[in-house]
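Letter by letter, the chains look like this.
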Amino acid sequence: MKIELRKFKMSDLDEMMEMFLDEKVTDAIGLTLSSNPPKITKKFEKKWLKESIAEYKKKKPSKYNFAIISDGIYVGNMGTHKIDYENESTEIGYWIGKKCWGNGIATRALKLFIKKLNEKFKLKRIVGFAFTFNPASKRVMEKCGFKLEGIRKQVKKGKNKFYDDYQLVKIQ
Ligand SMILES: CC(C)(COP(=O)(O)OP(=O)(O)OC[C@H]1O[C@@H](n2cnc3c(N)ncnc32)[C@H](O)[C@@H]1OP(=O)(O)O)[C@@H](O)C(=O)NCCC(=O)NCCS
């Protein structure tokens, strides 16, 4: 299996919507867990793609997002939307379309992404979060050298309860 990260194109929109509109995916990244979840619309995702593409040209982008490609097929997203230049730190996020889970794709993509981040930015801290109901995501980060920094208690207000998450960090 060949895994690559490639820059987004506006033509990724339809496939992105199809993979993303799955509560297994959107719950894990916190979107649909909320008591008042945002409507995930094509218009909103189109704007997100447009903004992500515009950031590639910037010397100091505020987000840096890529399509995960497995054997030539777009299967998920990997990126960062917060780059703190002053403190040399960033926060990563990712998801894989449900059909492709369990094949080692996220782990390989995250390793590639860390390499890409380090080629472009000077970073001391790379941080990631995973809800405690999502041990697979914690495991992905651990396999990429992240260490557990702590558990943020009751950090996300859901429909009926609050959720905890793991905070993991890669110090370099
Ligand atoms: C989390 C996610 C990215 C994992 O993607 P993936 O490509 O299936 O991940 P990988 O195959 O590279 O690795 C998954 C690891 O988790 C492990 N795992 C899976 N389910 C697990 C569970 N219930 N408990 C513990 N470990 C688990 C796998 O065994 C594997 O580890 P291993 O290689 O040591 O066996 C994917 O499930 C996803 O997109 N989920 C929804 C969105 C999301 O969670 N994004 C991250 C938000 S922080």
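See the structure shown above.
Being a predicted model, the structure only gives us computed values, none of them experimental. (Residues numbered from 1 in each chain as written. Predicted model: local features only at pLDDT ≥ 70, side-chain atom pairs only at ≥ 80, totals over all residues.)

Draft legend 1. Local environment of the overall build of the chain. Of the regular secondary structure elements, the chain holds 5 helices and 7 strands. Secondary structure elements of the chain occur, N-terminal to C-terminal, as β-α-α-α-β-β-β-α-β-α-β-β. Over its C-alpha atoms the chain spans a radius of gyration of 16 Å, differing by no more than 12% from the 16 Å that the globule rule assigns to 172 residues. With the principal axes as the frame, the chain shows a C-alpha extent of 40 × 35 × 35 Å. The 172 residues of the chain split such that 26% are buried. (Helix = DSSP H or I, 4+ residues; strand = E, 2+ residues; numbered from the N terminus. Rg over C-alpha atoms; globule rule 2.2 N^0.38 Å. Buried ≥ 20, exposed ≤ 12 C-beta atoms within 10 Å, placed from the backbone.)

Draft legend 2. Fine view of the sheet that holds strand E7 (residues 162-171). Reading across the sheet, the 7 strands line up as E1-E2-E3-E4-E5-E7-E6 and stay open at both edges, with mixed pairing between neighbours. Strands at the two margins of the open sheet, each flanked by one partner only, are strand E1 (3-7) and strand E6 (147-157). Strand after strand, the sheet turns through a mean of 30° between neighbouring axes, direction not considered. For E6 and E7, the ladder comprises 7 bridges, and the chain directions are antiparallel. (Pairing = 2+ DSSP bridges. Axes fitted to C-alpha atoms, helices over the stretch in contact; angles between N-to-C directions.)

Draft legend 3. Looking closely at the packing of helix H1 (residues 13-20) against helix H3 (residues 42-55). Two elements in contact, H1 and H3, have axes separated by 10 Å at closest approach and are oriented at 120°. As far as their axial angle goes, H3 and H1 are oblique. Considering only the axes of H1 and H3, their crossing is right-handed. Across from Leu-13, Met-16 and Met-17 in H1, the residues of H3 making contact are Lys-42, Glu-45, Lys-46 and Leu-49. Tallied by class, residues from the contact of H1 with H3 come to 4 nonpolar, no polar and 3 charged. (Parallel < 35°, antiparallel > 145°, perpendicular 65-115°, else oblique. Left-handed = near helix turned anticlockwise from the far one by under 90°. Contact = placed C-beta atoms within 7 Å. Nonpolar A, V, L, I, M, F, W, Y, C, P; charged D, E, K, R; others polar.)

Draft legend 4. Highlighting helix H4 (residues 105-120). For H4, spanning 16 residues, the distance from its first C-alpha to its last is 23 Å, which sits close to the expected 22 Å at 1.5 Å a residue. When H4 is considered as a whole, its buried residues turn out to be Ile-105, Ala-106, Arg-108, Ala-109, Leu-110, Phe-113 and Leu-117. Each element contacted by the buried residues of H4 is listed here: E1, strand E2 (64-70), strand E3 (73-84), strand E4 (89-96), strand E5 (125-131) and helix H5 (135-143). (Expected span 1.5 Å × (residues − 1).)

Draft legend 5. Just the nonpolar core, in detail. In terms of nonpolar packing, the biggest core is built from 27 residues, with Ile-68, Met-78, Tyr-94, Ala-106, Ala-109, Leu-110 and Phe-113 touching the most fellow members. If you list the elements that add at least two residues to this core, you get E2, E3, E4, H4, E5, H5 and E7. By residue number, the principal contributor to this core is H4, which donates 6 residues. Not counting chain neighbours up to four residues away, the residues in contact with Ala-106 comprise Tyr-94, Ile-96 and Val-140. (Core = buried A, V, L, I, M, F, W, Y, C linked by C-beta atoms within 7 Å.)

Draft legend 6. Spatial organisation of H5. Those residues of H5 not exposed but buried are Ser-137, Val-140 and Met-141. One side of H5 holds all its buried residues, which, seen down the axis, span an arc of 95°. If you follow the buried residues of H5, they end up packed against helix H2 (23-28), H4, E5 and E7. Phi turns positive one or two residues past the end of H5, at Gly-145, with a value near 90°. (Arc of directions from axis to C-beta.)

Draft legend 7. A look at the site of the ligand. The local shell around the ligand holds 21 residues, among which Ala-28, Ala-106, Thr-107, Pro-135 and Ala-136 are the closest. For the shell around the ligand, the element with the most residues is H5, which contributes 5 residues. In terms of residue class, the shell around the ligand is made up of 14 nonpolar, 6 polar and 1 charged. (Near = placed C-beta within 6 Å.)

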